Amino acid sequence: MNNVNEKDWKLFKKLVPVWQEKYIQKINKEYIDILSKNNSSAQNFWELENRIRQDKKHPGVILDLRRSTMHMNLMLLLSYEVITFDELKEFSNELLDELKK
């Protein structure tokens, strides 16, 4: 699984910012919902602060972009439902087969 072909690597580096932007857009809407709750301002603030602290570590927000971690990152993005297999159709069949195992 450590063998990454050049085409897949370049495509991965190109798509990660797109996937992260889409994910962050989704959680920003969730943040608005938290701030719109009918609680005290302080309660909403602290709930949001806790949520942001958790989300900062989420693979949809931050990834270690090294060739050696590409497969693991793709598995994380899939398992956390940041992306779907449909979004990977441009990758090589070999990579897709590895991810499906």
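Look a little higher up for the structure.
Predicted model, so just to flag it, every value in this text is computed and none were measured.

**Topic: the overall build of the protein**
Along its length, the protein carries four helices and zero strands. Each helix and strand of the protein, ordered N terminal to C terminal, gives the series α-α-α-α. At 17 Å, the protein has a C-alpha radius of gyration far larger than the 13 Å of a compact globule built from 101 residues. Projected onto its principal axes, the C-alpha coordinates of the protein cover approximately 50 × 25 × 20 Å. Of all 101 residues assigned to the protein, the portion counted as buried reaches 35%. Across the protein, the fraction of contacts at a sequence separation of at least 24, relative to all contacts at a separation of at least 6, is 63%. As presented, the protein carries roughly 7000 Å² of accessible surface, and 53% of it is formed by carbon and sulfur atoms.

**Considerations on the environment of Trp9**
In this fold, Trp9 is placed in helix α1 (residues 6-35). A residue is classified by how much of its surface remains accessible, and Trp9, at 8% relative accessible area, is buried. Counting along the chain gives 59 residues from Trp9 to Ser68, while the straight-line C-alpha distance between them is 10.0 Å. In contact with Trp9, other than residues within four places in its own chain, are Val4, Leu65, Arg66, Arg67 and Met70.

**Regarding α1**
In a regular helix each residue adds 1.5 Å, so 30 residues correspond to 44 Å; α1 covers 44 Å between its end C-alpha atoms and thus fits that length. Remark: the principal bend of α1, roughly 30°, maps to Leu15, with a proline, Pro17, within the next four residues. For α1, the complete set of buried residues consists of Asp8, Trp9, Leu11, Phe12, Leu15, Val16, Trp19, Gln20, Tyr23, Ile27, Tyr31 and Ile34. The distance from a side-chain oxygen at the start of α1 to the backbone nitrogen of Lys7 is 3.0 Å, and the residue carrying that oxygen is Asn5.

**Some points on the nonpolar core**
Counting 24 residues, the largest nonpolar core has Phe12, Trp19, Met70, Leu74, Ile83, Leu88 and Phe91 as its most contacted members. If one sorts the elements of this core by residue count, α1 sits on top with 10 residues. Apart from the residues within four sequence positions on either side, Leu74 is in contact with Phe12, Trp19, Ile83, Leu88, Leu95 and Leu99.

What counts and how
Residues numbered from 1 in each chain as written. Predicted model: local features only at pLDDT ≥ 70, side-chain atom pairs only at ≥ 80, totals over all residues. Heavy atoms only, no water. Helix = DSSP H or I, 4+ residues; strand = E, 2+ residues; numbered from the N terminus. Rg over C-alpha atoms; globule rule 2.2 N^0.38 Å. Buried < 20%, exposed > 50% of the residue type's maximum accessible area, 1.4 Å probe, protein only. Contact = heavy atoms within 4.5 Å. Areas by Shrake-Rupley, 256 points an atom, 1.4 Å probe, with all protein chains shown as cover. Expected span 1.5 Å × (residues − 1). Bend = angle between axes of the 7 residues up to and from the residue. Polar contact = N/O pair within 3.5 Å; in protein donor to acceptor, adjacent residues only side chain to side chain. Core = buried A, V, L, I, M, F, W, Y, C linked by side-chain atoms within 4.5 Å.

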